[in-house]
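Observations on the model geometry
Letter by letter, the chains look like this.
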Amino acid sequence: MKLKVTFRPENVEIAALPGLTILELARRANLAISAVCGGRGTCGKCLVRINPAPPAGPLELKRIPAARLAEGYRMACQARVTDRDLEVEVPDESRLFNLKVLVSGLSREVAVHSTLRKYYLELAPPVIEDQRSDWERLRDAAAGRAGLRPAELEVGIYLLRRLPVLLRENNFKVTAVLANRRLISVEGGDTTEHCYGVAFDLGTTSIVGALLDMRTARELAVAHRTNPQTSYGADVISRINLTLQDPDGGQRMRTAASDALGEIIAELADRAAISAHHVYEVVVAGNSAMEHLFLGLPAGSLATSPYIGVCRGPVTLSARRAGLRVNEDGFVRTAPLISGFVGGDTVAGILAVNLHREERLRLLVDIGTNGEIVAGNREGLFCASAAAGPAFEGANIHNGMRAEPGAIDKVRITDRVEYSTIAEAPVRGICGTGLLETVSELLRVGLLGPEGRFRNDSELAGLELPAAVKERLVDTPGGRAFRLDPETGVAVYQKDVRQLQLAKAAIAAGIEILLEKMSLETSDLEEVLLAGAFGSYIDPAAALRIGLLPPVRPETIRFVGNTSLAGARLMLLSTELKDEAECIPSLCGYVELFHEKDFMDLFVEKLAFPTPGLP
Ligand code: FES
């Protein structure tokens, strides 16, 4: 029996078989519903309103308030099509919006030295006296222009099959596109002006792409998308599990990633008014799981100890095999990986900030669900990945949300409570930056103690604070909480403070272990570089106050933006830097934090906030 499900307000209709979940149907209809837990029924972020509402299951009865159940609200991952047509309203709170992402990155002077070269050739048409084949005719001319011996130039079978038509349709006036010693494309007429590449930061949460002119290194456009794999789970483990449990799971993850990259390429081409056919090279830098899923490599072993991947790369494959709509003979390269938890995005980051080449001792921290930490200089590097959990992404937080429009992201407590929201949209919740800033402010004004406990009423009475601030600290059925926005009820709860403590303690302990490994003191650090979208929006004083970073001088902290994208750009533009990136994994000692005997003790020690006296 085929039934119909209509999603509102888009009025998208989709045929459905009984038994399918609403979340599965939404994915098929290309509607992005938030599914932080990957559909396990534990996050409660996928609420939709269904008419007529199917009977609520046990997880829904547990998580959804009775009044909302009566209004027809159900969890999209639990509610299934039964025996009738349904209308499903997807409220804003359950949708995935475009994230606030960092797209500017970091710029570094680089000499363009790409492997790509284009030569316009006017070939002599074949005559009876010249019996060279089409390939020899083209090869001789192209090799001559490239300074190669003809025998050094290679060509693939796909191009050979099309060659006769390409030459004759264009009166033997063509442009040859070479990548190193391989002819990768032949185009009619003179197209030497058009030679492009795209660099990608393939993040767990968002994907950013930059279109570059390969002749001038000029950035022509930047575009981004939420990683569509997010609708299968916010964390990489949920996505890896899907590939293990569902025979089609790996293919779905791969298609989701390549479709998103394809959409970004189309948008970039459109915005720069170029043809995607003239994009010949793509570099993708992502964490180990994201690169495995994009390449269609089995990722299961990344999720269990000893966390070993299939291959540390770098991998080069044809654009055709990668499923990207650029020049069909173009190619795609992934950044090399260091370990199962320190991936190509970190390699790209090290390359972007030149950590492996400079004399100064520096620390690079990319803060996200996993905090990647690298310390060192040209003498050697050590790296680790600290499992910070999803608090910095706004997950597992009572009113938490990702850094989307409407998320409170900046907070200041003076004689009143001031805040701003992303895109100045009406308040919907609080993102990781907002949580960090709130906690920092609460510590500064004394509403929160160093152990992370909200002051009780008698302690509160002794604090010299305006009543307008004190009265925001209240007892609620969900525990003691500080109300940021009384109108919507968005607040930071005691358990949210705990989540932040766990996240910052993991990163702070990881940093200390790395410094110990290198026999370094905090005072030896000449610079602390904060990377990633989260790292670029936080206030350094707040990061120091909560103890996320070691107590360095604030002026040594520098925001370096999206270093994964910046490094991917460098690998795209310069053969030398691409080769350098390939050497970085061998320069970098990996430290598995959970195997370090001091890690747990340090982690517990770092749960507390530093005592006042810091900036
Ligand atoms: S509860 Fe449905 S996706 Fe998490």
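Residues numbered from 1 in each chain as written. Predicted model: local features only at pLDDT ≥ 70, side-chain atom pairs only at ≥ 80, totals over all residues. Heavy atoms only, no water.

1. Thoughts on the domain arrangement of the chain
What the domain assignment lists for the chain is domain 1 (3–94), domain 2 (116–188), domain 3 (196–334), domain 4 (354–388 + 500–606) and domain 5 (391–499). If you average the C-alpha positions of domain 2 and of domain 3, the two centres end up 31 Å apart. Contacts between the two partners involve ten residues from domain 2 and, on the opposite side, eleven residues from domain 3. Summed over both sides, the interface between domain 2 and domain 3 buries roughly 800 Å², with carbon and sulfur atoms accounting for 55% of that surface. Together, Leu116, Ile184 and Glu187 form the three largest contributors to the area buried by domain 2 at its contact with domain 3, with a combined 53%. At the boundary of domain 2 with domain 3, the tally comes to two salt bridges. (Domains from an automatic or database assignment. Contact = heavy atoms within 4.5 Å. Buried area = accessible area lost by both parts, 1.4 Å probe. Salt bridge = Lys/Arg side-chain N within 4 Å of Asp/Glu carboxyl O.)

2. A short note on the environment of Gly72
Tracing the sequence through the fold places Gly72 in the loop between helix 3 (66–70) and strand 4 (73–75). Accessibility expressed as a relative area gives 4% for Gly72, which makes it buried. Between the C-alpha atoms of Gly72 and Asp485, which are 413 residues apart in sequence, the distance is 27 Å. Apart from residues lying up to four places away in sequence, Gly72 is in contact with Val48, Arg49, Ile50 and Ala53. (Helix = DSSP H or I, 4+ residues; strand = E, 2+ residues; numbered from the N terminus. Buried < 20%, exposed > 50% of the residue type's maximum accessible area, 1.4 Å probe, protein only.)

3. Notes on helix 5 (residues 157–169)
Here helix 5 is 13 residues long and its end C-alpha atoms lie 19 Å apart, about the 18 Å a rise of 1.5 Å per residue gives. When the local axis directions of helix 5 are compared, the greatest deviation, roughly 45°, occurs at Leu163, which is followed within four positions by the proline Pro164. If you check which residues of helix 5 are buried, you get Leu159, Leu163, Leu166 and Leu167. Where helix 5 is buried, its residues contact helix 4 (134–146), strand 7 (154–155), strand 8 (173–179) and strand 9 (182–188). Once helix 5 finishes, Asn171 follows within two positions and takes phi at roughly 50°, a positive value. (Expected span 1.5 Å × (residues − 1). Bend = angle between axes of the 7 residues up to and from the residue.)

4. As for the sheet that holds strand 21 (residues 429–430)
Spatially, 20-19-21 is the arrangement adopted by the three strands of the open sheet, whose pairing is mixed. Of all strands in the sheet, those with a lone pairing partner are strand 20 (417–421) and strand 21, marking the two edges. In terms of strand pairing, strand 19 (residues 407–413) meets strand 20 through five bridges, oriented antiparallel. Directly across from Val411, in strand 20, lies its bridge partner Tyr419. Running over the sheet, helix 11 (residues 432–445) touches strand 19 and strand 21 and is turned about 15° from strand 19. (Pairing = 2+ DSSP bridges. Axes fitted to C-alpha atoms, helices over the stretch in contact; angles between N-to-C directions.)

5. Section: the packing of aromatic side chains
Within a pair of aromatic rings, the relevant descriptors are the distance that separates the centres and the angle that separates the planes. Applying the stated criterion to the full structure yields three aromatic pairs. The interplanar angle of 25° and the centroid separation of 6.2 Å between the aromatic rings of Phe599 and Phe603 together place this pair among those described as stacked. Here the residue Phe599 and the residue Phe603 both occupy positions in helix 19 (residues 599–606), the gap between them amounting to four residues, near one helical turn. Like Phe599, the residue Phe603 is buried in the burial classification. Taken together, the aromatic side chains of Phe594, Phe599 and Phe603 make up a single cluster linked through ring pairs. Here the basic side chain of Arg68 rests over the ring of Tyr73, its NZ or CZ set 4.1 Å away from the ring centre. Sitting over the face of the ring of Tyr158, Arg320 holds its NZ or CZ atom 3.9 Å from the ring centroid. (Phe/Tyr/Trp six-rings, centres within 6.5 Å; stacked < 30°, edge-to-face > 60°. Lys NZ or Arg CZ within 6 Å of the ring centre and 35° of its normal.)

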